[in-house]
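# Structural overview
The primary structure of each chain is shown beneath.
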Amino acid sequence: MGGLRLYAAVALSGFRRFATYRVATAAGVFTNTVFGFILASTYIALWDARPGLGGYDRSQALTYVWIGQALLMTTAMMGGGFQDELIERIRTGDVAIDLYRPADLQLWWLATDLGRAAFHLLGRGVVPMLVGALAFELTLPADPLTWLLFLVSVALGVVVSFALRYLVVLSAFWLLDGAGVGQIAGLASMFFSGALLPLTLFPGWLGEVARVLPWASLQQIPADVFLGRHTGAGLVRAFAFQAGWAVALLAAGRALQSVATGKVVVQGG
């Protein structure tokens with residue numbers, strides 16, 4: 001119980017930390033809203049020319065756009081969050097102090113990132129979604145359970161995103177600067193998460209591959225849960241997909257962390 005209270009306190013601290021950046025949050029809300037209108041205009045033109053594209057009607061496609069703007073920072077589709085800070089601590093050697101804390105390194109930063117994600121969902125996600133709903137005809141769930149299931153899917157997406165970014169961070173133990181790996185990972189995330197276009201629009205083998213990669217957990221699956229495209233057994237499979245990738249990637253991160261921290265101990269000794 002003490003361990004749970006510790007990580008809950010770390011998550012709350014992460015929430016409060018990002019809540020202090022009021023001007024940055026306001027600027028982010030404005031930016032997300034503007035890009036939402038740009039993407040929505042593009043989607044309207046595309047769906048007017050190709051109705052039912054990707055299995056979405058126009059209202060669903062526009063909803064997909066605004067869900068994406070709400071989740072862009074929440075699931076850190078462009079990277080960021082704890083990533084830059086921890087890479088810098090590895091580069092300077094300050095991570096050695098972290099390893100002496102009576103807390104698990106991976107869980108500590110996961111808790112921090114969950115707090116960050118919770119703030120961004122409320123601070124930068126709600127307003128753009130409301131603006132989109134006022135400006136366009138969106139498909140909003142009538143059943144409160146669908147909203148709850150959506151939040152569960154978002155939470156799983158945040159964990160998958162963290163696990164991916166944690167692997168990027170750990171590369172800094174060997175490269176000392178994870179910026180290059182982070183940029184590549186960010187581009188992959190934006191492309192394969194469905195942030196630009198729904199993955200159902202990707203043709204042939206590219207679409208089949210994209211839909212089984214972990215990045216689909218960041219936007220595509222939460223959006224489809226919100227739109228009611230996953231129900232019954234399909235919903236269970238969607239959650240299992242996200243949870244499976246979360247467990248696998250966290251396990252990979254823990255294994256790589258053991259190698260990396262062993263390297264630090266050997267060098268320190």
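So, a few notes on the structure that sits alongside this text. Counting of residues starts from 1 at the beginning of each chain's written sequence and follows it residue by residue. Restriction of local features to residues with pLDDT of at least 70 applies here, the model being predicted, together with a cutoff of 80 or more for giving and counting side-chain atom pairs; totals for whole chains, interfaces and linings are based on all residues. The side-chain numbers reported here are obtained from all heavy atoms of the structure, hydrogens and water having been left aside.

We define a salt bridge as a contact between a side-chain nitrogen of Lys or Arg and a carboxyl oxygen of Asp or Glu at a distance within 4 Å. Considering all chains together, one arrives at eight salt bridges under this definition. When the shortest N-O distance is used, the salt bridge between aspartate 224 and arginine 229 registers 3.2 Å. Put simply, Asp113, Arg116 and Arg165 are held in one network by salt bridges that share partners.

Within the element layout of this structure, alanine 24 appears in helix H2 (residues 22-49). Relative accessible area decides the class of each residue, using a 1.4 Å probe on protein chains only: under 20% of the type maximum gives buried, over 50% gives exposed, and in between gives partly exposed. Owing to a relative accessible area of 48%, alanine 24 belongs among the partly exposed residues under this scheme. Between the C-alpha atom of alanine 24 and that of arginine 124, which follows or precedes it by 100 residues, the distance is 10.0 Å. The numbering of helices and of strands both runs from the N terminus, where a helix is a DSSP run of H or I of at least 4 residues and a strand a run of E of at least 2.

Nonpolar side chains (Val, Leu, Ile, Met, Phe, Trp, Tyr) within 5 Å and like charges within 9 Å form the patches, drawn only from residues with over 30% relative accessible area and no salt bridge. All accessible areas in this document rest on Shrake-Rupley with a 1.4 Å probe, and a residue is counted as covered only by the protein chains that are shown. Where nonpolar side chains cluster on the molecular surface, the patch consists of Phe30, Val34, Phe35 and Ile38 and spans about 400 Å² of accessible area. Among the secondary structure elements, phenylalanine 35 is positioned in helix H2. Judged by relative accessible area, phenylalanine 35 falls into the partly exposed class, the value being 47%.

Turning next to the packing of helix H3 (residues 58-71) against helix H6 (residues 105-135). Axis separation between H3 and H6 bottoms out at 7 Å; the angle between their running directions is 160°. Overall, the two elements H3 and H6 adopt an arrangement that is roughly antiparallel. Like other packed secondary-structure pairs, H3 and H6 cross with a definite hand, here right-handed. Across the interface between the two elements, Thr63, Trp66, Ile67, Gln69, Ala70 and Leu71 of H3 pack against Leu121, Arg124, Gly125, Pro128, Met129 and Gly132 of H6. Each residue gets one label: Ala, Val, Leu, Ile, Met, Phe, Trp, Tyr, Cys and Pro are nonpolar, Asp, Glu, Lys and Arg are charged, and the others, such as Gly, are polar. Here the contact of H3 with H6 is composed, by residue class, of seven nonpolar, four polar and one charged. Note on geometry: axes are lines fitted to C-alpha atoms, helical ones only across the stretch in contact, with angles between N-to-C directions running from 0 to 180 degrees. Any angle that falls under 35 degrees is termed roughly parallel, while one over 145 is termed roughly antiparallel, one within 65 to 115 roughly perpendicular, and all others oblique. Helix crossings fall into two classes, left-handed where the near helix is turned counterclockwise from the far one by less than a right angle and right-handed where it is turned clockwise. Note on definitions: a residue-residue contact is assigned when non-hydrogen atoms from the two residues lie within 4.5 Å.

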